Amino acid sequence: MVKFGFLNYMMMYKDNKDHIITEWVELKPTEKWINSKISRKYEGRILVKDWDGKTKRVIDFKEENLNRTANNTISSKKNIRDKRHRDV
């Protein structure tokens, strides 16, 4: 069993204008990852929300595929699909 505190945390950083940004990060792992008996790469969804609860980014990690749902893009040599933001 994974404790709640390992799946949710606050992240703070400074932006390029030196403003402090506070975000809430929620990990939503797959059952396969949670029930795994061996150590393995994270598989599931990561939601990044602003402090008011509005979703800013959603990142899906599933068996070698990396999908990000946001207005920005990421680069990788693996299979990546860019999607428009949608409610989760």
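See the structure above.
Residues numbered from 1 in each chain as written. Predicted model: local features only at pLDDT ≥ 70, side-chain atom pairs only at ≥ 80, totals over all residues. Heavy atoms only, no water.

Trainee: What exactly am I supposed to notice about the overall build of the protein here?
Mentor: When helices and strands are tallied, the protein shows two helices and six strands. When its helices and strands are written in sequence order, the protein yields α-β-β-α-β-β-β-β. Per-residue burial over the protein gives 27% buried out of 88 residues. Counting contacts in the protein only where the partners sit at least 6 residues apart, residues at least 24 apart contribute 16% of the total. Surface summary for the protein: the accessible area is close to 6900 Å², and the carbon and sulfur share equals 52%. (Helix = DSSP H or I, 4+ residues; strand = E, 2+ residues; numbered from the N terminus. Buried < 20%, exposed > 50% of the residue type's maximum accessible area, 1.4 Å probe, protein only. Contact = heavy atoms within 4.5 Å. Areas by Shrake-Rupley, 256 points an atom, 1.4 Å probe, with all protein chains shown as cover.)

Trainee: It is not clear to me how unusual backbone geometry should be interpreted in this structure. Could you clarify?
Mentor: The phi angle of most residues is negative, glycine excepted, and most peptide bonds adopt the trans form. The phi dihedral of Asp18 falls on the positive side, at around 70°, and the residue is not glycine. Secondary-structure assignment places Asp18 in the loop between strand E1 (8–14) and strand E2 (20–29). Taking the relative accessible area as the measure of exposure, Asp18 reaches 51% and is therefore exposed.

Trainee: When you look at the packing of aromatic side chains in this model, what are you seeing that I'm missing?
Mentor: Between two aromatic rings, the relevant description is the distance of the centres plus the angle of the planes. Taken as a whole, this structure holds three aromatic pairs when the rule is applied. Ring centres 6.3 Å apart and planes at 65° place the aromatic pair Trp24 and Trp51 in the edge-to-face group. Taken together, the residues span a long stretch of sequence, with Trp24 in strand E2 and Trp51 in the loop between strand E3 (44–50) and strand E4 (55–62) at a distance of 27 residues. Classification of Trp24 as partly exposed rests on a relative accessible area of 29%. Here the aromatic rings of Trp33 and Tyr42 are separated by 5.2 Å at their centres, their planes lie at 70°, and the arrangement is edge-to-face. An aromatic cluster is present here, built from Trp33, Tyr42 and Phe61 joined pairwise through their rings. (Phe/Tyr/Trp six-rings, centres within 6.5 Å; stacked < 30°, edge-to-face > 60°.)

Trainee: What should I look at first to understand the nonpolar core in this one?
Mentor: One broad trend across soluble globular proteins is that nonpolar side chains are buried collectively. Leu7, Val25, Leu27, Ile46, Val48 and Ile59 form the largest nonpolar core, which has six residues in total. Those elements giving two or more residues to this core turn out to be E2 and E3. Beyond its immediate chain neighbours, meaning those up to four positions away, Val48 contacts Glu23, Trp24, Lys54, Thr55, Lys56 and Arg57. (Core = buried A, V, L, I, M, F, W, Y, C linked by side-chain atoms within 4.5 Å.)

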